[in-house]
There are 2 protein chains.
Amino acid sequence: MKQKITLKHIARELSVSISTVSKALKNSEEISKDTKDKIQAFAKLYNYKPNNIAISLKNRRTKNIGVIIPDIVHHFFTTVFRGIENYANAKGYNVILCMSDESFDKEVINMELLANGSIDGFIMALSAETQIKNDYNHLKEVAEQGIPLVLFDRITDEIECDKVVINDMEGAYKAVTKFIEDGRKQIALITTEDYYSVSRERAKGYKQALLDHNLPYRENLVLKLPFMDVDELAINEFLDREKIDAVLCVNEIYAIHSMRHVQSKGLSIPKDISFIGFTDGILSKYSTPGLTAVSQHGEKMGAIAAEMLIEKIESEKEEETYTTTVLDTTIVARGSTNN
Amino acid sequence: MKQKITLKHIARELSVSISTVSKALKNSEEISKDTKDKIQAFAKLYNYKPNNIAISLKNRRTKNIGVIIPDIVHHFFTTVFRGIENYANAKGYNVILCMSDESFDKEVINMELLANGSIDGFIMALSAETQIKNDYNHLKEVAEQGIPLVLFDRITDEIECDKVVINDMEGAYKAVTKFIEDGRKQIALITTEDYYSVSRERAKGYKQALLDHNLPYRENLVLKLPFMDVDELAINEFLDREKIDAVLCVNEIYAIHSMRHVQSKGLSIPKDISFIGFTDGILSKYSTPGLTAVSQHGEKMGAIAAEMLIEKIESEKEEETYTTTVLDTTIVARGSTNN
DNA sequence: TTGTACGCGTTATCAT
DNA sequence: ATGATAACGCGTACAA
């Protein structure tokens, strides 16, 4: 087992000082060609690579960015992460990934852990619990310490920082407008409780689209489910109870489940009832029929978040100007709507 | 912006030495109660937390583990990662995640980057390209440097290290046996090329199960697709060409696509033809009908991998004894087979 | 051209 | 009971 070699080893071996080695490996003009050659050859032979940790300590820069997401088994977050990772890697950054599991405590613990020097900045989407508690002190502290922070998707107005979101309202608006143009009249919305920033926005877009097209907004056509787990019974009852010819769902799971339910009752999609779901994940693509989806452009979102963060990290200025980037959604038409 | 506070700051502020502060915060017996109280109070007030990087440098331990997987937008890897993260976090480790994108070069680059002090050990699944090239020098070097390594799922015999896999052969065997017990005779296999360790094993199990039940192994009932992307045409032609009443697929995508295709031809699942797919991901659960699946227990796999790695990291011994843990699969029965 | 000394933040050992 | 010093590995301003 050949131990990792350090400057000190090389110096000792070649009977020169550590700083000579350091300079030689940086091809400094100060060092004579002879010694440089000798040192570089030796370093190459023993495959010398500077120790990242030592460099981090010296530079007070880790070249790591911390990403905290509610859950990784969630296609959307996964695509965002991919966007982050790609961009960050290209810029020479590594990504430390933590999951909050939708838990406030885990979010706090992970953040505090990483904030103690392990990372140069954070990219995160708030956990459900955090949004419910509406407690953002951990974010505030991090911000106060001067650690850059970018929020995406699940954001809050309470914190001043860079943000990336999709235009959730516009996405819902587009979807409902499509339903209306297809001749649908009884348009339902299946969503989560309002403590999610995204749900609020989508509900707004849903309502606005109806009103703008002179259709009534009826509360009984809106089903709000608590938390992210799927209450299948509630969805089934809702679909059985109300007279509906189109459904907008704030996530794929709700949509897929709903489609299965109405299909099992013998309804035909999209003839009798049509569906649009947010996210455009893997389920939308492979369901039968394919689910028309509001694409959230996760990968792009991640790339932008990473870009914003690294920009802040590497900028010397002390100015505190924050941007919120809003990405427009795209409707990806599939078999669940008339196209 | 209140800067992160260090021992030095506290020492200067309270007019004591740095080492006194250090000891006081560790509640050392050497320090008088008075000074301890004073220092601890001050530290608490300014929310002092030791700098991880400095500690890493001192201890030559980062408490980070590096995970390299081919792709994160892949439900199975995602579940494994979750298992890793949970276990690692509980043990006080952070996880640095890199994607190889199935590319040999990215795998090498990422590994070398992290190996220079950023992590205490690796957990990884080999990229497709690496398996095709059959070149594992980057792994060997890491091993020689004494950095612990655990391979999971996509492994190789070329490297001596801890490994975790599922019993792919047994999984396929079970699936085919189930088909046979359900009275199926024309059992097909849709798989990837043999350079994947997992594909080889599954093909073996498929063949063995047929032979053990006195059914012929017929090459024309086995479709081997190159790489991981889905050649839909090839699958369609295969399904149209051969007389088949059951299909085992090595992943969900193949299975879901195949199901859609035969359904579009008017066949009924599972009456006319039945399906089993490996992985038991989100698609299996939400397809219509639900896809009977060979569960790979990703989360458990991740937890075990993390356990093995941390065990090696924290063990003082120099012994080089490696284990390969083989997890048994479970068949999760759904609507795509007779149950 | 080469080497010395210092600092990044912490801890452990050895003085006082 | 407290402090000085060295060390982890590196880079760099300053001496020689």
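Definitions and limits used
- Residues numbered from 1 in each chain as written.
- Chains lettered and ligands numbered in written order.
- Predicted model: local features only at pLDDT ≥ 70, side-chain atom pairs only at ≥ 80, totals over all residues.
- Heavy atoms only, no water.
- Near = heavy atom within 4 Å.
- Polar contact = N/O pair within 3.5 Å; in protein donor to acceptor, adjacent residues only side chain to side chain.
- Helix = DSSP H or I, 4+ residues; strand = E, 2+ residues; numbered from the N terminus.
- Nonpolar A, V, L, I, M, F, W, Y, C, P; charged D, E, K, R; others polar.
- Pairing = 2+ DSSP bridges.
- Axes fitted to C-alpha atoms, helices over the stretch in contact; angles between N-to-C directions.
- Domains from an automatic or database assignment.

For chain A, the name recorded in an unreviewed UniProt entry is Transcriptional regulator, LacI family, with Arenibacter nanhaiticus as its organism.

Visitor: Is there a simple way to think about the protein's contact with DNA strand D in this case?
Guide: Taken together, 26 residues lie around DNA strand D, and A:K8, A:Y48, B:T20, B:K23 and B:T35 are the ones closest in. Close to the protein, within 4 Å, the atoms of DNA strand D are drawn from sugar and phosphate at a rate of 62%. Here a phosphate oxygen of DNA strand D sits 2.9 Å away from a polar atom, N or O, in the main chain of B:S32. Taken together, the elements giving at least two residues each to the surface near DNA strand D come down to α1 (7–14), α2 (18–25) and α4 (52–59) of chain A together with α2 (18–25) and α4 (52–59) of chain B. Residue composition of the surface near DNA strand D, by class: 8 nonpolar, 9 polar and 9 charged.

Visitor: Would you explain the protein's contact with DNA strand C in this entry?
Guide: The full set close to DNA strand C counts 27 residues, and A:S19, A:T20, A:K23, A:K58 and B:K8 are the nearest of them. Backbone atoms, meaning sugar and phosphate, make up 62% of the atoms of DNA strand C lying within 4 Å of the protein. Contact distances for DNA strand C include 3.0 Å between a phosphate oxygen and a side-chain N or O atom of B:K26. The separation between a base oxygen of DNA strand C and a polar side-chain atom of B:K58 is 3.3 Å. Take the surface near DNA strand C: its biggest share by element is 4 residues, from α2(B).

Visitor: I would appreciate a short explanation of the sheet that holds strand β8 (residues 246–249) of chain A in the present structure.
Guide: Backbone hydrogen bonds are what pair the strands of a sheet, in a parallel or an antiparallel way. Residues and elements named next belong to chain A. Read across the sheet, 6 strands follow the order β7-β6-β8-β9-β10-β12 without closing on themselves; strand pairing throughout is mixed. Two strands lie at the open edges of the sheet, namely β7 (222–225) and β12 (330–332), each paired on one side alone. Neighbouring strand axes in the sheet, compared pairwise and without regard to direction, differ in orientation by 20 degrees on average. Relative to strand β9 (residues 274–279), β8 is paired through 4 bridges, and the arrangement is parallel. Looking at the pairing, V247 lines up with F275 of β9.

Visitor: I tried to follow the domain arrangement of chain A on my own but got confused; where do I start?
Guide: How big an interface is tends to be stated in terms of accessible area lost as the parts join. We note that the domain assignment places domain 1 (7–50), domain 2 (56–165 + 298–326) and domain 3 (168–296) within chain A. The C-alpha-based centres of domain 1 of chain A and domain 3 of chain A are spaced at 65 Å.

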